[in-house]
Structure formats: structure tokens, C-alpha cells
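Report on the structure
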Amino acid sequence: MDPQPRRPRADRARQIADALRRQVLDGDFTDGVLPDERLLGREFGATRNAVREALELLRADGLIERSPGIGTVVVARKYPHGLNRLMGLAETLHEHGVVSNEVRTSGMVAATGVLAERLLVRPGDPIVCIERLRRLNGLPLSLDLTYLPADVGEPLLADDLVNNDVFKLLERICGQPLGRAEVGMEAVNADPHVAAVLDLPRGGALLLVERLTHLADGRPVDLEFIRFRGDRLTMRAVLDR
């Protein structure tokens, strides 16, 4: 029996692209150059046309470029963001460079709708809102919108939000460690404001993370809406069954 059943070329190209994407993201091509089409075709048991379509998929994702006289080269990488532990961005990505923060807005707003419900405050109560642009090695990575109860957030406004993760400051202000977080993720398109801030084309791909973080005693203290550039970050987790 043929171990490789016949498939439409587009399906085969997608299979190849998935495998190559993982190798690109893992840094397997240490010199930054992929094998030529002939060698890739032999490795995957595929036609050169299928390989070319696979490489075009990776090029469209902004991961590679085809350079005359050089070949297919890696031009971008994504940074792995682990989901196994509750950590701030600088803690998570410390092995990959320096995370810097630009505080774009900060101040008091009224808690309405889902904000009041999730932070366990009354509608209309004052809460703190902070918007930060996060960069990794100088490149825009995420736009973070954070809401906190007033008793926790007001001291935070006077603290060093430029050089610290909010998590580290929260634990000091509250005098106890963070406990757990509820996390939701979805793919969205960048609106004109976010696209401009993150230096993305309008409608570019974003990963929207909604995270509600609780103190060790169970109190919710940090509701975040984080918009990550989809071309610069990949989520990783190890799950046990």
C-alpha cells in the first residue's frame, strides 16, 4: 500500500509548510538558509510544485524570503510565550531580549458592564486604566489595556511602570503573591488605531488575550486585554492528561 496517499497539491503544500514553519520557529536552520527545493522535495516525498507552494505560504506569513543567488532565507522569527505558568511578559521573554514599556495612558475611569462584573466592584465605581505599548528589543510586540480596582491601581500609578511588569508591582503593593488567572484567546484583525501603534498594516493579524488575574486569596485584581502581533509571538504550553 502506498504510505503517501494522493492528495490535492494544496493539501500537500500545507503539510510541508506546517513542518517547515515549526523548523523555522525552532531555529533549526542555523545559518538562516533553507535547503533548496530539490532537497526539500526529496525530504517530504513531494513534487517541486508542492514545495514551491509551501514556501509561498511561509513567505506570505512573513517568515521567509526568496533571494536570487542565495536561496530561501529566514527573515523573521516568532518568540515563544509559555502558558504553563503565570508570569509577566518580561519574565516570560527574558531569554530573548529586553522588554520595554511605554505608558500611553493611565488614570481613573468608571467601572461599567463587564469591567465591574469581573473585578467584583460596583458599576460606576472608580477603577484604574493603564494602556502600555510593550516592545521586545525595540520592536513593537503588544498593546496592553489593564484595569485594576482603585485601592490596588492608584498606588500602581505612582510606581515604575516603564521598567517593571505589573505582576511584580502588584505583589509588592498587595503584600501577597498572585494565585491564578483565567485566560481566553482569539484571533482578531488590527483596527486603525492598534495597527498604527504596533506598526502593522491595517487589518493585520493579532492575537487577543483576555486575562483576569487573582491574588492568592482569590480576589480578582488585574483584568487585561492584550493585543499581540501575530507575526512576532507564538503561544506554547505543555498539557497533561
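As a starting point, this report considers the structure included with it. (Residues numbered from 1 in each chain as written. Predicted model: local features only at pLDDT ≥ 70, side-chain atom pairs only at ≥ 80, totals over all residues. Heavy atoms only, no water.)

**Structural notes on the packing of helix H1 (residues 9-25) against helix H2 (residues 37-44)**
- Here H1 crosses H2 at 105 degrees, and the two axes come no closer than 12 Å. Compared by their axis directions, H1 and H2 come out roughly perpendicular. Where H1 approaches H2, its residues Arg 12, Ile 16, Ala 19, Leu 20 and Gln 23 are matched on the opposing element by Leu 40, Glu 43 and Phe 44.
- Here the residues of the contact of H1 with H2 are counted per class, giving 5 nonpolar, 1 polar and 2 charged. (Axes fitted to C-alpha atoms, helices over the stretch in contact; angles between N-to-C directions. Helix = DSSP H or I, 4+ residues; strand = E, 2+ residues; numbered from the N terminus. Parallel < 35°, antiparallel > 145°, perpendicular 65-115°, else oblique. Contact = heavy atoms within 4.5 Å. Nonpolar A, V, L, I, M, F, W, Y, C, P; charged D, E, K, R; others polar.)

**Observations regarding the pairing of strand E9 (residues 220-229)**
- Burial analysis of E9 places 9 of its 10 residues in the buried class, which makes it a mostly covered element.
- Alignment of strand E6 (residues 139-149) against E9, held across 6 bridges, turns out to be antiparallel. Bridge assignment links Asp 144 to a residue of E9, and that residue is Ile 226.
- Where strand E8 (residues 205-215) meets E9, 9 bridges bridge the pair, whose relative direction is antiparallel. Pairing of Glu 210 across the sheet is with Phe 225, part of E9.
- Once E8 ends, the chain turns through 4 residues before running back antiparallel as E9, passing Gly 218 with a positive phi of about 100 degrees. (Buried < 20%, exposed > 50% of the residue type's maximum accessible area, 1.4 Å probe, protein only. Pairing = 2+ DSSP bridges.)

The quantities given are spatial measurements derived from coordinates; they are silent on function.
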